[in-house]
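Notes for the structure review
For reference, the chains in residue letters:
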Amino acid sequence: MVSNEGSEEIGEEPRLPTTATVEKVLQNLELNSPLNLTPITNFIRQEVVSRISFFENKISKIWLFQMFVQLGIPQVYLFAALMIFSGMMVRSMYKKSVYLLCNLVGVVYPAYKSIQAIDLSTNDNEKGEASNSSIIAFNEQKQWLTYWVVYGWLQVADNWSNWLLETFPGYNFFKLIFLYWAQNDRSKGATLIFEKLLKPLLKKPLINNIQNTTTSQKQRQTFRQKQQPIQQSIITRRVVEGIPSSSVSFRPDPPPEEIWKTDTVATSRESEVKPYRLNSVS
């Protein structure tokens, strides 16, 4: 058997030749340029080369692509031709039916990833244990639930597409870029929208509800504390008089409105307001 090192020495074509070719071009630029291009080349590696590697890895597994490679056609030429053909098809579809293209970009891949997120959640529920996979499933669900909310609002905005196109001629093009940014696994734009925009908006009503609930509970607790000595004195007096304590009945906790009426501060304020009301009516 021939090892991997031996195959590289013989000159065997790498598994992802297009990615290797682009990497060699970047390395030559770094070595031969009089300027320090490392920040630029690293950015290209992170944003461009990684995507080329991802698509090349997926395409190289297609049986039709493998058949052309076995016929002797270089894999680099096949991948480049396929990318050019795909770009021409997208351009033609953009000119003929941009609305269909926006719907395909906005639905096909997100629907596939949403189904995967559901499968991840189902598997975690069957295991019944918290792990890193459950955290990943939660993040995926948050990403795609937020994405569908954003996509739904974009569909609503399309009802005014004529006005938007007149005001912003490149609306459809920027919509495609926005959809790609929102659903991309690297940028995770939908998650960013949730963390920076939706979460602060949803947090404020929740805090108000919690504060209202806490205030109501404090009012009930204060009322109970005021009523407890009175109830105790009534029970003591009944016991002294020989009346069984089981016959003693007490009022249930009143609602917050009644508690407010029994509050001394509120009652004093109400007494201050009444003369003004009577004078204003007369």
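Note that the structure is a prediction, hence the values are computed from the model and not measured. (Residues numbered from 1 in each chain as written. Predicted model: local features only at pLDDT ≥ 70, side-chain atom pairs only at ≥ 80, totals over all residues. Heavy atoms only, no water.)

So, on to the overall build of the chain. When its secondary structure is counted, the chain shows 12 helices and 0 strands. Each helix and strand of the chain, ordered N terminal to C terminal, gives the series α-α-α-α-α-α-α-α-α-α-α-α. Counting only residues that meet the buried cut, the chain has 21% of its 282 residues in that class. When the accessible surface of the chain is summed, it comes to about 21,200 Å², and 63% of that surface belongs to carbon and sulfur atoms. (Helix = DSSP H or I, 4+ residues; strand = E, 2+ residues; numbered from the N terminus. Buried < 20%, exposed > 50% of the residue type's maximum accessible area, 1.4 Å probe, protein only. Areas by Shrake-Rupley, 256 points an atom, 1.4 Å probe, with all protein chains shown as cover.)

This brings us to the UniProt feature "transmembrane region" (unreviewed entry) in the chain. Sequence positions flagged by UniProt for "transmembrane region" (unreviewed entry) are, in local numbering, residues 63–85. Split by type, residues 63–85 is 83% helix and 0% strand. Its first and last C-alpha atoms lie 18 Å apart. (UniProt positions renumbered as here; feature names shortened; annotations may be inferred.)

With respect to the element layout, Glu-30 can be found in helix H2 (residues 17–32). Classification of Glu-30 as partly exposed rests on a relative accessible area of 27%. Residues Glu-30 and Ile-40, 10 residues apart in the sequence, show an inter-C-alpha distance of 9.6 Å.

What follows covers the layout of surface pockets. Quantified by volume, the largest pocket comes out at close to 1,200 Å³. Forming the walls of the largest pocket are 22 residues, and the residues nearest its centre are Phe-55, Val-105, Tyr-109, Tyr-180 and Gln-183. For the lining of the largest pocket, the elements supplying multiple residues, two or more each, are helix H3 (38–59), helix H5 (75–96), helix H6 (98–127) and helix H9 (171–183). Of the residues that constitute the lining of the largest pocket, the class distribution is 14 nonpolar, 5 polar and 3 charged. (1 Å grid on protein atoms, 1.4 Å probe; cavity = no way out; pocket = protein on both sides within 12 Å on 5 of 7 lines; lining within 4 Å. Points joined across faces, edges and corners; volume = space filled by probe spheres on them. Nonpolar A, V, L, I, M, F, W, Y, C, P; charged D, E, K, R; others polar.)

Following the criterion strictly, the structure yields 8 aromatic pairs and no others. For the pair Phe-173 and Phe-174, a centre-to-centre distance of 5.9 Å together with 70° between the ring planes defines the contact as edge-to-face. Judged by its relative accessible area of 57%, Phe-174 is exposed. Here the aromatic residues Tyr-109, Trp-144, Tyr-147, Trp-148 and Tyr-151 are joined through ring pairs into a cluster of three or more. (Phe/Tyr/Trp six-rings, centres within 6.5 Å; stacked < 30°, edge-to-face > 60°.)

Right, let's talk about a nonpolar patch on the surface for a bit. On the surface, Ile-62, Trp-63, Leu-64, Met-67, Phe-68, Leu-71, Ile-73 and Tyr-77 cluster together to form a nonpolar patch covering roughly 840 Å² of accessible area. Broken down by element, the nonpolar patch gets its largest block of residues, 4 residues, from helix H4 (residues 63–70). If you trace the backbone, Trp-63 turns up in helix H4. (Patch = residues over 30% accessible without salt bridge, like charges linked within 9 Å, V, L, I, M, F, W, Y side chains within 5 Å. Salt bridge = Lys/Arg side-chain N within 4 Å of Asp/Glu carboxyl O.)

Below, the discussion takes up the side chain of Thr-19. You can see Thr-19 is positioned in helix H2. Once you skip the residues sitting within four places of it in the chain, Thr-19 turns out to touch Val-49, Ile-52, Ser-53 and Glu-56. (Contact = heavy atoms within 4.5 Å.)

Taken as a whole and judged by the stated rule, the model has 7 salt bridges. One salt bridge in this structure joins Lys-142 and Glu-195, with 2.8 Å as the shortest N-O distance. Linking Lys-142 in helix H7 (residues 132–157) with Glu-195 in helix H10 (residues 189–241), this pair joins segments that are 53 residues apart in sequence. A relative accessible area of 17% means that Lys-142 is categorised as buried. Here Lys-199 ties to Glu-195 by a salt bridge, and the two come within 3.8 Å at their closest N and O atoms.

A few words now on the nonpolar core. The nonpolar side chains of a soluble globular protein tend to be buried with one another. Judged by nonpolar contacts, Trp-144, Tyr-147, Tyr-151, Leu-154, Leu-179, Ala-182 and Ala-190 together constitute the single largest core of 7 residues. Contributing elements (two or more residues each) for this core: H7 and H9. For this core, the leading source of residues is H7, giving 4 residues. Beyond its immediate stretch of four places on either side in the chain, Ala-182 contacts Gln-143, Tyr-147, Lys-188, Gly-189 and Ala-190. (Core = buried A, V, L, I, M, F, W, Y, C linked by side-chain atoms within 4.5 Å.)

With that settled, consider the confidence of the model for the chain. A residue-level look at the chain finds 65% of positions with pLDDT of 70 or above and a mean pLDDT of 75. Taken as a whole, residues 1–13 scores under 50 in pLDDT and shows 3 contacts with residues more than four places along the chain or in a different chain. (pLDDT = per-residue confidence, 0-100.)

For the pair H3 and H5, the least separation of the axes is 11 Å and the interaxial angle reads 105°. The orientation of H3 with respect to H5, classified from their angle, is roughly perpendicular. In this structure, H3 contributes Ile-52, Phe-55, Glu-56 and Ile-59 to the contact, and H5 contributes Gln-75, Phe-79, Leu-82 and Met-83. When the residues that make up the contact of H3 with H5 are grouped by side-chain class, the tally is 6 nonpolar, 1 polar and 1 charged. (Axes fitted to C-alpha atoms, helices over the stretch in contact; angles between N-to-C directions. Parallel < 35°, antiparallel > 145°, perpendicular 65-115°, else oblique.)

So, on to unusual backbone geometry. Positive phi, close to 50°, is recorded for Lys-188, a residue that is not glycine. Note that Lys-188 resides in the loop between H9 and H10.

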